[in-house]
Amino acid sequence: MSPMNGNSNNNNSSSAAAKTTSPTPTQWHTLAKSKDSSPDKTYSNRYFPVKVLQNLNILRQNSRFCDVSIVAGGKMMKVHRAILSASSPYFQAMFSNGLVEEQKDTIELHSISPYILNLLVDFIYTGEITINQENVQDLIVAADMLELNEVVLGCTEFLKQELHHTNAIGIYRFADAHNCAEMRTTALNYIQNHFPHIYQEEEFLELPKDQLVFFLSSEHLRVDSEFQVFQAALRWISHDIEQRKRYVFELLTHVRLPLLSVCLLEKTIVECTDISLKVALRSIRNDLLMRKGNLVPLSVFPRLCAKKDIFVIGGSKRELMSAWTRSSECTFESVERFLTHSEGKRWYQVAPMGIGRILPGVAALNGRIYVVGGEQESQILANGEVYDPTEDKWTAVANMVVPRCEFGLCALNGDLYAVGGWVGEDIGGSIERYDPTVDEWTLQGQLPEPRFSMGVVSYEGLIYVVGGCIHSRRHLQDLLCFNPVTREWTPLAPMLVPRSQMGVAVLDGFLYVVGGTNKQNEVLQSVERYSFEQNKWSEVASMKVGRASPAVASADGLLYVIGGDQTHEVNFYRAQITIADVECYDPLVNIWSDCPPLPESRSEAGAVVI
């Protein structure tokens, strides 16, 4: 073989190798057809947009490729028109709709401070912004002007979290003045839901009259009684009485005056120090008493959110069959609803629970009723249900960590707290908290000593436990206060009468303890109340009948006691028999009155107000 042929062969080999490593388009097509066909796959990298944004921000900080400068308060910032236009409809219109700014190299923005503009430009280039109490109002106004809706949303969420009794009026007025519709609605709902606290704040006194009228006329004020609305109007007037007393009749037309207690109105007149205001209140009182209807309408209805209905849930029924026969017993899954309106007090049934429960924990939270634990056929339960009154429907919730009956359940700061009770064969001392947002129970602390059959309520951020039984003693007298934040217990003034199996409720700054049994296992008629302000107990009028394990609730300034047990003795045989009697207590006159009885006798039930 000649050298030339050898070289030729080498060239041919080299050419073949090149063809093998780099197929022609035709060869690629042939290769693709020779394999199993598969769908196209889209590849994405979530880090790439972040990298691009970071690099754009570095370019801005180094003034690279910037094509426009924006000025606020004398401070200039170089930026990219394309980036601002892509981030904000405001800038997009400025730079692309034939406006004069489209041709300018420098744009001045008025009504925005350099600090706020710098925060917003940083957000455009990074997607991050620091919001705090000092800058949130300026940020939301500037972001709204520049149509940076994401920042407006962030500021709105921040303000929602900051809503409190002390600032709700201010946030509402700010949102109203700057047309922040979502924030205004949120603040308005907060004010209406917390009105008894809101009108005590200084911000309330600075309301313009027209905005005050707007609140006073709302159907959605969540108040315990119409007297609170009356007090709010008078407090606003009294803040600048010389200038505001001329509005007294105008303002009080928005108060449902026929729903006021005449006793409280008389007391207000006596305490009033301004002569002309006193005369005006007297004329209103006289119109009410004589039912003339000149100044005060003769008939009004409570506000929608002030109409309080009492729900009585679960429990048991025990009847004595005959003088020689033991009592029969049944467990209720049914729920009775009591309309407390003065013109239509009556009972009717709503949707029943999934199962019957004796001595369950019952509490209202966010307009819904939670029922957990209790006893069914000698079995202590951990499961629970929640009732939505708008849908008349029960749904299951997460089980408690510990099965409990004859325990305390209360709502506090958006959560539920379950305290003590029977936990199987022994008395429990644990406390657990339920978070409705995640539907989960977690252990949160311990009682000083395991306890059951006590009263448990919440009041102004604290949990109160009164009476009940422990291992060594029955029918306790003490009152304990629990701080769920520090998990510390504080002993307070003891009750006048040691008791257990009583009913408890909070009304107008007092903890009421109703009935129960004493150390001699006698069923009590007595009622006492504890002043949270004075740390002092006092006796009030006794009920007409004694009751153990009654359902107790407060609504519209009255205390309701529903059903319960009474001891029945015949032929030397003693039995606990359930009753259907219902009484209500008016603290203004210290008198108990009869109400329509339960459709069936019932004891060991829970009661809540919605």
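Reading the values: the criteria
Residues numbered from 1 in each chain as written. Predicted model: local features only at pLDDT ≥ 70, side-chain atom pairs only at ≥ 80, totals over all residues. Heavy atoms only, no water. Helix = DSSP H or I, 4+ residues; strand = E, 2+ residues; numbered from the N terminus. Buried < 20%, exposed > 50% of the residue type's maximum accessible area, 1.4 Å probe, protein only. Contact = heavy atoms within 4.5 Å. Pairing = 2+ DSSP bridges. Axes fitted to C-alpha atoms, helices over the stretch in contact; angles between N-to-C directions. Arc of directions from axis to C-beta. Salt bridge = Lys/Arg side-chain N within 4 Å of Asp/Glu carboxyl O. Patch = residues over 30% accessible without salt bridge, like charges linked within 9 Å, V, L, I, M, F, W, Y side chains within 5 Å. Areas by Shrake-Rupley, 256 points an atom, 1.4 Å probe, with all protein chains shown as cover. Parallel < 35°, antiparallel > 145°, perpendicular 65-115°, else oblique. Nonpolar A, V, L, I, M, F, W, Y, C, P; charged D, E, K, R; others polar. Phe/Tyr/Trp six-rings, centres within 6.5 Å; stacked < 30°, edge-to-face > 60°. Lys NZ or Arg CZ within 6 Å of the ring centre and 35° of its normal. Core = buried A, V, L, I, M, F, W, Y, C linked by side-chain atoms within 4.5 Å. Expected span 1.5 Å × (residues − 1). Disulfide = S-S within 2.5 Å.

(A) Just the overall build of the protein chain, in detail. Check the secondary structure of the protein chain and you find 18 helices and 33 strands. For the protein chain, the C-alpha atoms occupy an extent of roughly 135 × 75 × 40 Å along the three principal directions. Here the protein chain holds 610 residues, and the buried ones make up 46% of them. Residue pairs in contact within the protein chain that sit at least 24 positions apart in sequence constitute 54% of those at least 6 positions apart.

(B) The arrangement of the environment of Ala280 in detail. Examined against the element boundaries, Ala280 turns out to sit in helix α18 (residues 275-290). What makes Ala280 buried here is its relative accessible area of 5%. Along the backbone, Ala280 and Phe249 are 31 residues apart, and their C-alpha atoms lie at a distance of 7.7 Å. Among residues more than four places away in sequence, those in contact with Ala280 are Val248 and Phe249.

(C) Local environment of the side chain of Arg547. Structurally, the position occupied by Arg547 is in the loop between β26 (536-540) and β27 (551-555). Judged by its relative accessible area of 0%, Arg547 falls in the buried class. With residues up to four places along the chain from it excluded, the contact list for Arg547 reads Gly515, Gly516, Val523, Leu524, Val561, Ile562, Gly563, Asp565, Ile579, Asp581, Val582 and Glu583.

(D) Representation of the sheet that holds strand β3 (residues 106-108) within the structure. Taken in spatial order, the three strands line up as β2-β1-β3 in an open sheet, and their pairing is mixed. With one partner strand each, in any of the chains shown, β2 (75-79) and β3 form the two edges of the open sheet. Here the average twist between neighbouring strands, direction ignored, is 25°. Sheet topology places strand β1 (residues 68-72) next to β3; three bridges connect them, and they run parallel. Bridge pairing in β3 places Ser69 opposite Thr106.

(E) Up close: unusual backbone geometry. Backbone geometry places Leu359, a non-glycine residue, at a positive phi of 55°. Inspection of the secondary structure puts Leu359 in the loop between β8 (346-350) and β9 (361-365). Despite not being glycine, Asn535 shows a phi value in the positive range, around 50°. Residue placement: Asn535 occurs in the loop between β25 (527-531) and β26. Residue class for Asn535 comes out partly exposed when judged on its relative accessible area of 34%.

(F) Structural context of helix α17 (residues 262-271). Among the residues of α17, Leu264, Leu265, Thr268 and Ile269 are the ones counted as buried. Taken around the axis of α17, the buried residues stretch over an arc of 140°, which confines them to a single face. Residues of α17 that are exposed and point over 90 degrees away from its buried face: Val270 and Glu271. Looking at the packing, one finds that the buried side of α17 touches α14 (226-239) and α18.

(G) Main features of the pattern of salt bridges. Scanning all chains against the criterion turns up 24 salt bridges. Among the ionic pairs, Arg318 bridges to Asp565, the shortest N-O distance being 2.5 Å. With Arg318 in strand β5 (residues 316-322) and Asp565 in strand β29 (residues 565-570), this residue pair connects regions lying 247 residues apart in the sequence. Among the ionic pairs, Asp478 bridges to Arg451, the shortest N-O distance being 2.9 Å. In this pair, Asp478 sits in the loop between β20 (462-466) and β21 (479-483) while Arg451 sits in the loop between β18 (440-446) and β19 (455-459), placing the two residues 27 residues apart along the sequence.

(H) Structural context of a nonpolar patch on the surface. Residues Val262, Leu289 and Met290 make up a contiguous nonpolar surface patch of roughly 280 Å² in combined accessible area. Looking at the element boundaries, Leu289 is found in helix α18.

(I) Highlighting the pairing of strand β4 (residues 309-313). Judged by how many residues are buried, β4 sits mostly within the fold: five of five residues are covered. Across the two faces of β4 the burial is the same, with Asp309, Phe311 and Ile313 and Ile310 and Val312 all buried. Of the strand pairs in this sheet, β4 and strand β7 (residues 335-339) are connected by five bridges, and their pairing is antiparallel. When the sheet's bridge partners are listed, Asp309 is paired in β7 with Leu339. Here β4 runs beside strand β33 (residues 606-609); their pairing, made up of four bridges, is antiparallel. What sits directly across from Val312, in β33, is Ala607.

(J) Structural context of the sheet that holds strand β23 (residues 503-507). Strand order in this open sheet of four strands is β23-β24-β25-β26, and the pairing throughout is antiparallel. Every interior strand has two partners, whereas the edge strands, β23 and β26, have only one. Across this sheet, the average inter-strand angle for adjacent strands is 25°, counted without regard to direction. As judged from the five bridges shared by β25 and β26, these two strands associate in the antiparallel manner. Pairing of Glu528 across the sheet is with Glu539, part of β26.

(K) Local environment of the packing of helix α3 (residues 47-61) against helix α6 (residues 114-126). Where α3 contacts α6, the two axes come as close as 8 Å, and the packing angle between them is 140°. Classified by the angle their axes make, α3 and α6 are oblique. Facing α3, whose interface residues are Leu53, Leu56, Asn57 and Arg60, α6 presents Val121, Asp122, Ile124, Tyr125 and Thr126. Its residues assigned to classes, the contact of α3 with α6 comprises five nonpolar, two polar and two charged.

(L) Region of the structure containing the packing of aromatic side chains. Scanning the entire structure with this criterion turns up 24 aromatic pairs. Members of the aromatic cluster, joined through ring pairs, are Tyr459, Tyr464, Tyr530, Phe532 and Trp537. In this structure, Lys209 packs its charged tip against the face of Tyr247, placed 5.2 Å from the ring centre. Looking at Arg529, its charged tip hangs above the ring of Phe510, at a distance of 3.8 Å from the centre.

(M) Seen up close, the nonpolar core. Among the nonpolar cores identified, the biggest contains 84 residues, and Leu117, Leu120, Phe195, Phe204, Phe230 and Leu252 are the most heavily contacted of them. Ranked by size, the runner-up nonpolar core spans 17 residues in total, among them Ala553, Ile562, Ala605 and Ala607.

(N) Structural context of α14. For α14, which comprises 14 residues, the first-to-last C-alpha distance of 21 Å matches the rise-based estimate of 20 Å (1.5 Å per residue) to within 8%. Of all 14 residues that make up α14, ten are buried, and the element is covered over most of its length. Among the residues of α14, those classed as buried are Glu226, Phe227, Gln228, Val229, Phe230, Ala232, Ala233, Leu234, Trp236 and Ile237.

(O) Representation of the state of the cysteines in the model. The full count for this structure, using the stated rule, is zero disulfides. Cysteine Cys584 is unpaired, with the sulfur of Cys595 as its nearest cysteine sulfur at 3.6 Å. The exposure class of Cys584 is buried, given its relative accessible area of 7%.

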